[in-house]
Amino acid sequence: MTESTHPLVVAIDGPAGSGKSSVSRAVARRLGYGYLDTGAAYRALAWYVRDRAIDPADTDAVIAALPAFDYAIGTDPDDPAVSVGADDVTEAIREPAVSAIVSAVARIPAVRAHLTALFRSIAAGVDRPGIVVEGRDITTVVAPEAEVRILLTASEQARMARRSAEISTQSAQTVADQLRSRDRADSQVVEFMSAADGVNTVDSTHLDFEQTIGAVIEVINTRTARTSHD
Ligand SMILES: Nc1ncnc2c1ncn2[C@@H]1O[C@H](COP(=O)(O)OP(=O)(O)OP(=O)(O)O)[C@@H](O)[C@H]1O
Ligand SMILES: Nc1ccn([C@@H]2O[C@H](COP(=O)(O)O)[C@@H](O)[C@H]2O)c(=O)n1
């Protein structure tokens, strides 16, 4: 068996509110791995486009904005800070105004190609034994060869309840409508509602946060034990 020179990649996909970011971050912390939130890049681009008064529906204008989009994200699970140029946008990219337009920029193939290349380069350069990369197309497009591939899912009802518990500035109905419409728009571009071949599903509908972390780590342990015997 030859020693691996690249960080072990744990790819995690799932719909909005399934727990991808919080669970992936906690898993990375426990295993001493890096953590890459790919949705943050799409959000940061949406923030950038909005900041420059570019219409997110104007495909050519969004593509033209890409070369100057100076994006950076930390891979430390304790500090995944996000910046665009000199602006720290870690908080701003979570605003409902950004969530409302992010699917419009994410549907553009040139945007996806640009960011996919960036994600691969960040993941390959992480200074840790592994990295947990989460998003919508990690198991299928960004890292289809990842050692561990997981679809993290939960019922729509559970996802909406969890998300609305977090957001006090909007009604539960508004939160649910936005989550549903973002999933609908995103599903037209990438498949993340069902697991691709070889992808393990972790359904957290009836698991609490700690149990979900345990279930993901169990998949990682099983997959990596199997890989090391291959
Ligand atoms: N198994 C669980 N039980 C209870 N709450 C959970 C569980 N998993 C995640 N959560 C909570 O659900 C909320 C949504 O999780 P998170 O933000 O990680 O989802 P996400 O999939 O990254 O969503 P998005 O794609 O919209 O960014 C958070 O408050 C998180 O703490
Ligand atoms: N791999 C990915 C990740 C995200 N997106 C798009 O970004 C939006 C925000 O993602 P969150 O994980 O922060 O919710 C998401 O709604 C998608 O439009 C993507 O396309 N591919």
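All values derive from a computational prediction rather than experimental measurement.

Chemist: Whenever I open this one, the packing of aromatic side chains confuses me. Can you help?
Modeler: Aromatic ring pairs are described here by two measures, namely the spacing of the ring centres and the angle between the planes. Per the stated rule, a full pass over the model turns up 3 aromatic pairs. A ring pair is formed by Tyr48 and Phe69, whose centres lie 5.5 Å apart and whose planes are at 50 degrees; its orientation type is tilted. Of the two residues, Tyr48 sits in helix H2 (residues 39–51) while Phe69 sits in the loop between helix H3 (59–65) and strand E3 (71–73), which places them 21 residues apart along the sequence. Within the aromatic cluster, the residues linked to one another by ring pairs are Tyr48, Phe69 and Tyr71. Taking the ring centre of Phe192 as reference, the NZ or CZ of Arg136 above it sits at 5.5 Å.

Chemist: How should the site of ligand 2 be read in this particular structure?
Modeler: By nearness alone, 15 residues border ligand 2, and Arg43, Arg112, Asp137, Arg182 and Asp186 come closest of all. Taking Thr38, its side chain carries an N or O atom lying 3.1 Å from a nitrogen atom of ligand 2. Separating an oxygen atom of ligand 2 from a side-chain N or O atom of Arg182 is a distance of 2.8 Å. Computed on the free molecule, ligand 2 has an accessible area of 450 Å², of which 97% lies beneath the protein chains in the complex. Elements that contribute at least two residues to the shell around ligand 2 include exactly H2, helix H4 (96–106) and helix H8 (172–187).

Chemist: What is the right way to read the site of ligand 1 from this model?
Modeler: Surveying the vicinity of ligand 1 reveals 18 residues, the closest of which are Lys20, Ser21, Ser22, Arg163 and Thr212. One of the backbone nitrogen or oxygen atoms of Ser18 is found 3.1 Å away from an oxygen atom of ligand 1. Leu207 has a polar backbone atom sitting 3.0 Å from a nitrogen atom of ligand 1. Burial of ligand 1 by the protein chains amounts to 82% of its free accessible area of 640 Å². For the shell around ligand 1, the secondary-structure elements that each account for two or more residues are helix H1 (20–31), helix H7 (156–166) and helix H9 (209–229). For the shell around ligand 1, a count of residues per class yields 4 nonpolar, 7 polar and 7 charged.

Chemist: So what exactly am I meant to see when it comes to the UniProt feature "domain: Cytidylate kinase" (unreviewed entry) in the protein here?
Modeler: The residues that UniProt annotates with the feature "domain: Cytidylate kinase" (unreviewed entry) are residues 10–221. Across residues 10–221 one finds 49% helix and 15% strand; the C-alpha atoms that close the span lie 11 Å apart.

Conventions adopted
- Residues numbered from 1 in each chain as written.
- Chains lettered and ligands numbered in written order.
- Predicted model: local features only at pLDDT ≥ 70, side-chain atom pairs only at ≥ 80, totals over all residues.
- Heavy atoms only, no water.
- Phe/Tyr/Trp six-rings, centres within 6.5 Å; stacked < 30°, edge-to-face > 60°.
- Helix = DSSP H or I, 4+ residues; strand = E, 2+ residues; numbered from the N terminus.
- Lys NZ or Arg CZ within 6 Å of the ring centre and 35° of its normal.
- Near = heavy atom within 4 Å.
- Polar contact = N/O pair within 3.5 Å; in protein donor to acceptor, adjacent residues only side chain to side chain.
- Areas by Shrake-Rupley, 256 points an atom, 1.4 Å probe, with all protein chains shown as cover.
- Nonpolar A, V, L, I, M, F, W, Y, C, P; charged D, E, K, R; others polar.
- UniProt positions renumbered as here; feature names shortened; annotations may be inferred.

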